[in-house]
Amino acid sequence: MLTTHVLDRADFEEALEDIARLRITVFRDWPYLYDGSLDYERDYLSVYRDSPKSVVVGAFDGSRLVGVSTGTPMQDHSDDFGAAFEGQAIDLEQMFYCAESVLLPDYRGFGLGHKFFDLREAHARALGFKTICFCGVQRPKDHPLRPADYRPLDGFWQKRGYRPLAGVLASFEWKDIDQPKETGKRLQFWARSL
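Now for a look at the structure at hand. The structure displayed is predicted, hence computed values, not measured ones.

1. A closer look at the overall build of the chain
Helices and strands together make up the secondary structure of the chain, namely five helices and seven strands. Sequence-ordered secondary structure for the chain, helices as α and strands as β, is β-α-α-β-β-α-β-α-β-α-β-β. A globule of 194 residues ought to have a C-alpha radius of gyration of about 16 Å, and the chain, at 16 Å, matches this closely. Along the first, second and third principal axes, the C-alpha set of the chain runs to 40 × 35 × 35 Å. Evaluated residue by residue, the chain yields a buried proportion of 42% over its 194 residues. Across the chain, the fraction of contacts at a sequence separation of at least 24, relative to all contacts at a separation of at least 6, is 72%. Surface summary for the chain: the accessible area is close to 10400 Å², and the carbon and sulfur share equals 49%.

2. As for the nonpolar core
Counting residues in each nonpolar core, the largest one holds 56 residues, and the members touching the most others are Ile19, Leu45, Met74, Phe81, Phe85, Tyr97 and Phe189. If near-sequence neighbours (up to four positions away) are discounted, Tyr97 is found in contact with Thr70, Gly71, Thr72, Pro73, Met74, His77, Phe81, Cys133, Phe134, Cys135 and Phe189.

3. Some points on the packing of aromatic side chains
Counting across every chain of the model gives 20 aromatic pairs. When the centroid spacing of 4.9 Å and the interplanar angle of 55° are considered together, the rings of Phe27 and Tyr32 count as tilted. The exposure class of Phe27 is buried, given its relative accessible area of 10%. Chaining the aromatic ring pairs together yields one cluster made of Phe27, Tyr32, Tyr34, Tyr40, Tyr44, Tyr48 and Trp174. A cation sits over an aromatic face here: Arg120 above Phe117, 4.6 Å from the ring centre. Here the guanidinium or amino end of Arg192 rests over the ring plane of Tyr162, the centre of that ring lying 5.9 Å away.

4. Structural notes on the sheet that holds strand β5 (residues 131–138)
Strand order in the open sheet formed by seven strands is β1-β2-β3-β4-β5-β7-β6, with mixed pairing between adjacent strands. The strands lining the two open edges of the sheet, one partner per strand, are β1 (2–6) and β6 (163–175). Pairs of neighbouring strands in the sheet enclose a mean axial angle of 25°, with direction left out of account. Against the sheet, helix α4 (residues 112–126) engages β1, β2 (55–61), β3 (64–73), β4 (95–103), β5 and β7 (182–193), with an angle of about 155° to β4.

5. Quick notes on the pairing of β3
Residues in a regular strand project their side chains so that they alternate between the two faces of the sheet. Counted residue by residue, β3 has nine buried out of 10 residues, so it is predominantly covered. Two strands pair when backbone bridges link them, and β2 and β3 are joined in this way by seven bridges, in the antiparallel orientation. The partner of Gly58 across the bridge, within β3, is Val68. Between the end of β2 and the start of β3, which pair antiparallel, lie two residues, with Gly62 showing a positive phi angle near 65°. Pairing between β3 and β4: six bridges, direction antiparallel.

6. Some remarks on the environment of Glu86
The residue Glu86 is located in the loop between α3 (78–81) and β4 in this model. Classification of Glu86 by relative accessible area gives exposed; the value is 62%. A C-alpha to C-alpha distance of 30 Å links Glu86 and Gly113, two positions 27 residues apart in sequence.

Thresholds, definitions, all that
Residues numbered from 1 in each chain as written. Predicted model: local features only at pLDDT ≥ 70, side-chain atom pairs only at ≥ 80, totals over all residues. Heavy atoms only, no water. Helix = DSSP H or I, 4+ residues; strand = E, 2+ residues; numbered from the N terminus. Rg over C-alpha atoms; globule rule 2.2 N^0.38 Å. Buried < 20%, exposed > 50% of the residue type's maximum accessible area, 1.4 Å probe, protein only. Contact = heavy atoms within 4.5 Å. Areas by Shrake-Rupley, 256 points an atom, 1.4 Å probe, with all protein chains shown as cover. Core = buried A, V, L, I, M, F, W, Y, C linked by side-chain atoms within 4.5 Å. Phe/Tyr/Trp six-rings, centres within 6.5 Å; stacked < 30°, edge-to-face > 60°. Lys NZ or Arg CZ within 6 Å of the ring centre and 35° of its normal. Pairing = 2+ DSSP bridges. Axes fitted to C-alpha atoms, helices over the stretch in contact; angles between N-to-C directions.

Below is the structure:
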């Protein structure tokens, strides 16, 4: 039976290793192609442990974690994303950031993506945020590792009311599974009002 719920701090600590492994597994696939490590993931996930306003949503098949979705106030990531918002008339103190949603392939298409957004949006509203956002990696259409049957999530995001923020692009580096070292990636921000 599939269930989805917000993890409290104790649940999060108990599931930390599973969350880290899940992120590495899902992000290895297109479009992220992320060649991750448990050490990096443990460090990265500390943001959600340490932020009193963060949210972590788990999707479970019985007791098995099959998906996870995270979010924090944008201010928790201002150092990472500050440059992307320079020159924009956007109040980052009023913005909640939906960081990632990862879900094993066999569990896609059952509405869990909507549940992830529903719970994060409800969390952000309850905290008084006015805007909610996320970002997605941009890859060339002719990338050699792009699956022939890949369907971008743009339509799903648009149906939920999200729109790309013109000119708001973040830049990050990570090691792709087919590369010897880290390379830069562009990520497009999407947002909607709450």
